[in-house]
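Architecture and fold: a report
Given next are the chains, with one letter for each unit.
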Amino acid sequence: MDLKFNSSRKYISITVPSKTQAMSPHIKSIDDIVVLGINLSRFNKLTQFFICVAGVLVFYLIYGYIQELIFSVEGFKPYGWYLTLVQFAFYSIFGLIELQLIQDKRRRIPGKTYMIIAFLTVGTMGLSNTSLGYLNYPTQVIFKCCKLIPVMLGGVFIQGKHYNVADVCAALCMSLGLIWFTLADSTVAPNFNLTGVILISLALCADAVIGNVQEKAMKLHNASNSEMVLYSYSIGFVYILLGLTCTSGLGPAVTFCSKDPVRTYGYAFLFSLTGYFGISFVLALIKIFGALFAVTVTTGRKGMTIVLSFIFFAKPFTFQYVWSGLLVVLGIFLNVYSKNMDKIRLPSLYDVINKTVEVRRSGTLAQTV
């Protein structure tokens, strides 16, 4: 269809292509979800789910192993923030490379939003890495397993979501399991420090907010995973660099790592590479299935990481770890169950409270009559 306006000085032509005409590659790529060169939009939901879950499990299991391996290097524990700085630098490079390989290179999410996301990313990853200087790795991981709790709170306050009874029960199971696991760790671990608990708790709070903010921003602006990674981690790199420079923590870290660059920077590169691949699949999960579902998958991965940690790295052990871990697993199961049993349509906590109030009111009215 053509619309033309012609005069002695102006000529306007607007052309709308018919359905049979091919759209430009740029327009086609708007709704595509591409992860590491794989266009997930070509597959059905079930296939997308299995690809994303497989990517998360494979790359993040290696990521967790290398992370504990880095902190097993003698003298490295005080330099968790520097590891995060190197990690953010690698993530920015990887994101820039991937962004150059896709057709749409425009930044869709506003810069102010990225500054907030970058700050939250620095908080969750920096505090998480630093907490390993004070906690055993399984304790840090079990805290991460309970990220569902703050994510649910963030979903309520940020996106106005309502969760059903099973989700609330899952959160309660995870909370009890987390408390029990922490008490066990404080009993058997000689290097247990409350500072580590505070750090990882703050990291979880930031992680809860960032998942919901990322989901909202990616759906609202239809941004690609590579764009999200590039801008959030490059801005976060600047934040950490300024922080280390102001606190004089950059020099000692560089000096220490330069003594054994193969183990420190080599491990950091593999750590960042597997983490980047993993976060790409996590962002795809967030974009396709939502933040809460992505957290459920990554939580299951963390449970497997705990088992591998006890197998590959020597550390104190008590069966209280097992019982508390099973309680957390029960919470995960309840959450997965609620997300896959749509036909049952369990009532939300909000509906249960309203129904209880109505029953009480009707009972009071009956007694009055």
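Residues numbered from 1 in each chain as written. Predicted model: local features only at pLDDT ≥ 70, side-chain atom pairs only at ≥ 80, totals over all residues. Heavy atoms only, no water.

1. A look at helix H8 (residues 194-221)
With 28 residues, H8 ought to run about 40 Å at 1.5 Å a step, and its terminal C-alpha atoms sit 41 Å apart, in line with that. Looking one or two residues beyond H8, the residue adopting positive phi is Asn222, at roughly 55 degrees. (Helix = DSSP H or I, 4+ residues; strand = E, 2+ residues; numbered from the N terminus. Expected span 1.5 Å × (residues − 1).)

2. So, the nonpolar core
Ranked by size, the top nonpolar core spans 58 residues in total, and within it Phe76 and Tyr82 carry the most contacts. In terms of residue count, the dominant contributor to this core is helix H11 (residues 261-289) (11 residues). Other than its neighbours up to four places away in sequence, Phe76 contacts Ile70, Phe71, Leu83, Phe256, Cys257 and Thr264. One finds Leu127, Met174, Val197 and Ile200 within the second-largest nonpolar core, a separate group that totals 11 residues. (Core = buried A, V, L, I, M, F, W, Y, C linked by side-chain atoms within 4.5 Å. Buried < 20%, exposed > 50% of the residue type's maximum accessible area, 1.4 Å probe, protein only. Contact = heavy atoms within 4.5 Å.)

3. Some details on the packing of aromatic side chains
Enumeration according to the criterion identifies 19 aromatic pairs in this entry. Note on Phe49 and Phe50: the rings are 5.4 Å apart at their centroids and 65 degrees apart in plane angle, and the pair reads as edge-to-face. Relative accessible area serves as the criterion here: at 23%, Phe49 is assigned to the partly exposed category. (Phe/Tyr/Trp six-rings, centres within 6.5 Å; stacked < 30°, edge-to-face > 60°.)

4. Some points on the environment of Val86
Mapped onto the secondary structure, Val86 falls in helix H3 (residues 80-100). Contacts of Val86, omitting those with residues within four sequence positions, involve Tyr265, Ala268 and Ser272.

5. Points about the pattern of salt bridges
Summed over all chains, the structure comprises 1 salt bridge. Linking Arg263 and Asp260 is a salt bridge whose minimum nitrogen-to-oxygen distance equals 3.9 Å. Exposure remark for Asp260: the relative accessible area of 28% places this residue in the partly exposed category. (Salt bridge = Lys/Arg side-chain N within 4 Å of Asp/Glu carboxyl O.)

6. Looking at the confidence of the model for the protein chain
A low pLDDT score tells you not to read the predicted coordinates there in detail. The predicted model of the protein chain has a mean per-residue pLDDT of 74, with 68% of residues at 70 or higher. When mean pLDDT is taken per element in the protein chain, helix H10 (residues 250-259) scores highest with 91 and helix H1 (residues 25-28) scores lowest with 34. Per-residue pLDDT stays below 50 along residues 10-30; that stretch engages in 25 contacts with residues further than four places along the chain or on separate chains. The low-confidence segment residues 365-369, where pLDDT is below 50, has 0 contacts with residues more than four positions distant or belonging to other chains. (pLDDT = per-residue confidence, 0-100.)

7. With respect to the side chain of Gln48
Inspection of the secondary structure puts Gln48 in helix H2 (residues 45-71). Taking relative accessible area as the criterion, Gln48 reaches 7% and is therefore assigned buried. Other than its neighbours up to four places away in sequence, Gln48 contacts Leu40, Ser41, Phe43 and Ile288.

8. Here we look at the environment of Tyr265
Of note, Tyr265 is situated in helix H11. Separated by 179 residues in the primary sequence, Tyr265 and Val86 place their C-alpha atoms 8.2 Å from one another.

9. Some words on H11
An ideal rise of 1.5 Å per residue puts 42 Å on 29 residues; H11 measures up with 40 Å between its terminal C-alpha atoms. Phi for Gly290, located one or two positions after H11, is positive at around 105 degrees.

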